[in-house]
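Listed below are the residues making up each chain.
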Amino acid sequence: MRAARVDRVASRRQQELVANTITHILLIVLGLAALAPFWWMISTSFKTEFEAFQLPPTWLPLEPTLEAYGDLFLDQPFGIFFYNSVKIAVLGVGGQLITSSLAAFAFARLDFPGKNVLFIIVLSTMMVPYAVTVIPLYIVMHRIGWVNTHLPLIVPAMLSSAYGTFLLRQFMFSLPVELEDAARIDGCSSFGIYRRIALPLMKPALATLGVFSFMASWNNFFGPFIFLDRKYLFTVQLGVALVQRQWYTSWPRLMAGSVVVTLPVLLVFLLLQRYFVRGISLTGIKG
Amino acid sequence: MAQSQTLTRLVAKTKANNIRWHRYEGYLFVAPLIVGIIAFIFLPIAASLYMSFNKWDMVSPPELVGLKNYARLVSRDRLFWKVLGNTFRYAGWIIVPSVIFPLILAALLDRPIRLRYLYRLAFFLPLVTSVVAVGLMFRWLYDGEFGLVNFVLSWVRIDGPNWLVDPFWAMPAVAMVTVWQGLGYNMVLYLAGLQGIPDHLHEAATIDGAGPFSRFFRITIPLLTPTMFFILVMSVIGTFQTFGLIYVMTQGGPINSTNVYIYYLWQMAFGSSKMGYASAMAWILALVIFTITMIQVRLARLWVHY
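Rules used throughout
- Going along each chain's sequence as written, the residues are numbered from 1 onward.
- Lettering of chains starts at A and numbering of ligands starts at 1, both following the order in which they are written.
- The model is predicted, so local features are restricted to residues of pLDDT at least 70 and side-chain atom pairs to those at 80 or more, both for listing and for counting; the totals for chains, interfaces and linings are taken over all residues.
- For the purposes of this entry, the term helix denotes a DSSP run of H or I that reaches at least four residues, the term strand denotes a run of E that reaches at least two, and both are numbered from the N terminus.
- Counting other C-beta atoms within 10 Å of a residue's own tells you its class, since 20 or more makes it buried, 12 or fewer makes it exposed, and anything in between is partly exposed; those C-beta atoms are placed from the backbone.
- What the arc describes is the spread of directions from the helix axis to the C-beta atoms.
- UniProt positions are given in the numbering used here, feature names are shortened, and annotations may be inferred rather than shown by experiment.
- Domain segmentation is taken from an automatic or database assignment of domains.
- Note that contacts rest on C-beta atoms placed from the backbone: two residues are in contact if these are within 7 Å.
- Following the grouping adopted for this structure description, the nonpolar residues are Ala, Val, Leu, Ile, Met, Phe, Trp, Tyr, Cys and Pro, the charged ones are Asp, Glu, Lys and Arg, and the polar ones are all others, Gly among them.

- Under an unreviewed UniProt entry, the name given to chain B is Sugar ABC transporter permease, and the organism recorded is Caldilineaceae bacterium SB0664_bin_27.

In structure tokens form, the structure reads like this:
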């Protein structure tokens, strides 16, 4: 009896061990396959032009060199591109956090005529393809002299984030109302409640939204591509695309460019990834 | 007594005042967002609709032409139909792998194994990389002579094509990049779906003698159909909005075999300055996306278990 049970437990453990090993092997193979393109990018960026075209290809650069990075930075003003990208992202994201948290607070906690209709209207804008709005936006921006400035990339991002409002409103519903009620009884104004209670409690959701929007802004290609054509206004993404136009097959240089545009988002992501995962599962929507 | 009555009245009065004021206070909070949405989304939508009935090159004044833009697109623009077909072909290549691969990953990662966090990270990296970097990376990987893809294929004695130059292979090659980029995102959606499946269902099935495979196919998969449906809809909509990847990788070539909807729209609007024509295209796009979503919602009733 007893021996049989021990046997069963042992065989169950064994089964689990086998299952875990198989899972690990599969995950390692799939993970390496998913990461191989990155390895190829990084390794090529440290190669000489000559080695890049060597057959069979080398997995590790034989003579690692920073030549490609040097060429990249000497050839194009990447410092300026970086500054532009950071400026657009920081202003856009900052503004978006303020406007969407204000609106989310009102939609979740305040009562006003037409609230639900207004919220549905806000949500419906998420379904409008960017292509529908981009042409008239371009024309308007052209008229008011905003083409070839960073404003068309910053101002709409600051003011019209339905996604951010939705995400923060969802999060507000998960917070207890009691604190706010207590504050209201003590005579705190709505803005005071927003500023002193809701906003501090919303911090994790604000971080999630911030990470998403920062990445979306940093990685945005279409917007800057449409609105900017002076080199000194370019973002890093446009900068790298420009390098591609000039050096179509200079692979070490192009890969160095890819590494350079990827590093900042990678850092943000690695530091704040828990917020990132939550954002997807909270709304089911990518920014 | 009288004093307390006055006090009560005073409180009631302030309250009423407050309420009257409070009723509209919410507007102040939503005002910046609403102003932004009106200015940058609703007005452009209205303008776009109006423009789609005009012929306009941004130099001479717009000329009202009624439905001519639409008629021309549908009846005379052969490239338009090709591009529409390409976009569907693109979606066709993407759908099956984007539904299946992330499911496998999620099923593997749903178990409490060691280093789970590290594995998850690996599948996320493609998602946070920009289309410019991804596009360049894959242009190099797909290189006919020196690319890694053909090098790996040569291990199993397959002589790979020059992917992005071959009119047949260019589209599937680009589509696989999209699948690769979406792995992590779809995987998280599945993981969330898996967490929503109550354990007792699996336990009950185990007691009834169901093995892991039949449990996976009879319990897990049916209960994940809403997630699959969501992934399906989002993937198809995504293909209709792809621009950067095409611009970086193929510029719509070879011979327009990867020219997809937004890319063509951009060529019309900003290459040929046909603003009205491109606006009409944008509205057809909105209509197509709406129709596809509706069809999918209808079909979903047949196979999605809520």
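### Things to note about unusual backbone geometry
Residues and elements named next belong to chain B.
Next, step 1: One non-glycine residue, Q251, lies in positive phi territory at about 55°.
Next, step 2: The residue Q251 is located in the loop between helix 10 (244-249) and helix 11 (261-271) in this model.
Next, step 3: For Q251, a count of 12 C-beta atoms within 10 Å gives the class exposed.
Next, step 4: Of note, N256 is a non-glycine position whose phi angle comes to about 60°, a positive value.
Next, step 5: For N256, the location among the structural elements is in the loop between helix 10 and helix 11.

### Considering helix 5 (residues 115-124) of chain A
Residues and elements named next belong to chain A.
Next, step 1: Within the span of helix 5, buried status applies to L118, F119 and V122. Considered in projection along helix 5, the buried side chains sweep an arc of 100° and stay on one side of the axis. Along helix 5, the residues that are exposed and aim more than 90 degrees away from the buried face are N116, V117, I120 and S124.

### So, the UniProt feature "domain: ABC transmembrane type-1" (unreviewed entry) in chain B
Next, step 1: Here the UniProt-annotated "domain: ABC transmembrane type-1" (unreviewed entry) positions come out as residues 84-296 of chain B.
Next, step 2: The distance separating the terminal C-alpha atoms of residues 84-296 of chain B is 18 Å; by composition the span is 75% helix and 0% strand.

### Considering the domain arrangement of chain A
Residues and elements named next belong to chain A.
Next, step 1: Per the domain assignment, the segments making up chain A are domain 1 (2-67) and domain 2 (69-283).
Next, step 2: Using C-alpha coordinates to define each centre, domain 1 is positioned 35 Å away from domain 2.
Next, step 3: Elements represented by at least two residues in the side of domain 1 that touches domain 2 include exactly helix 1 (2-45) and helix 2 (49-52).
Next, step 4: The dominant element in the side of domain 1 that touches domain 2, judged by the number of residues it contributes, is helix 1, at 4 residues.

### Examining the interface of chain A and chain B
Next, step 1: With 72 residues of chain A in contact, the opposing surface of chain B contributes 67 residues.
Next, step 2: In terms of residues, the side of chain A that touches chain B owes the most to one element, helix 1 of chain A, which gives 14 residues.
Next, step 3: Across the side of chain A that touches chain B, the residue classes tally to 49 nonpolar, 20 polar and 3 charged.

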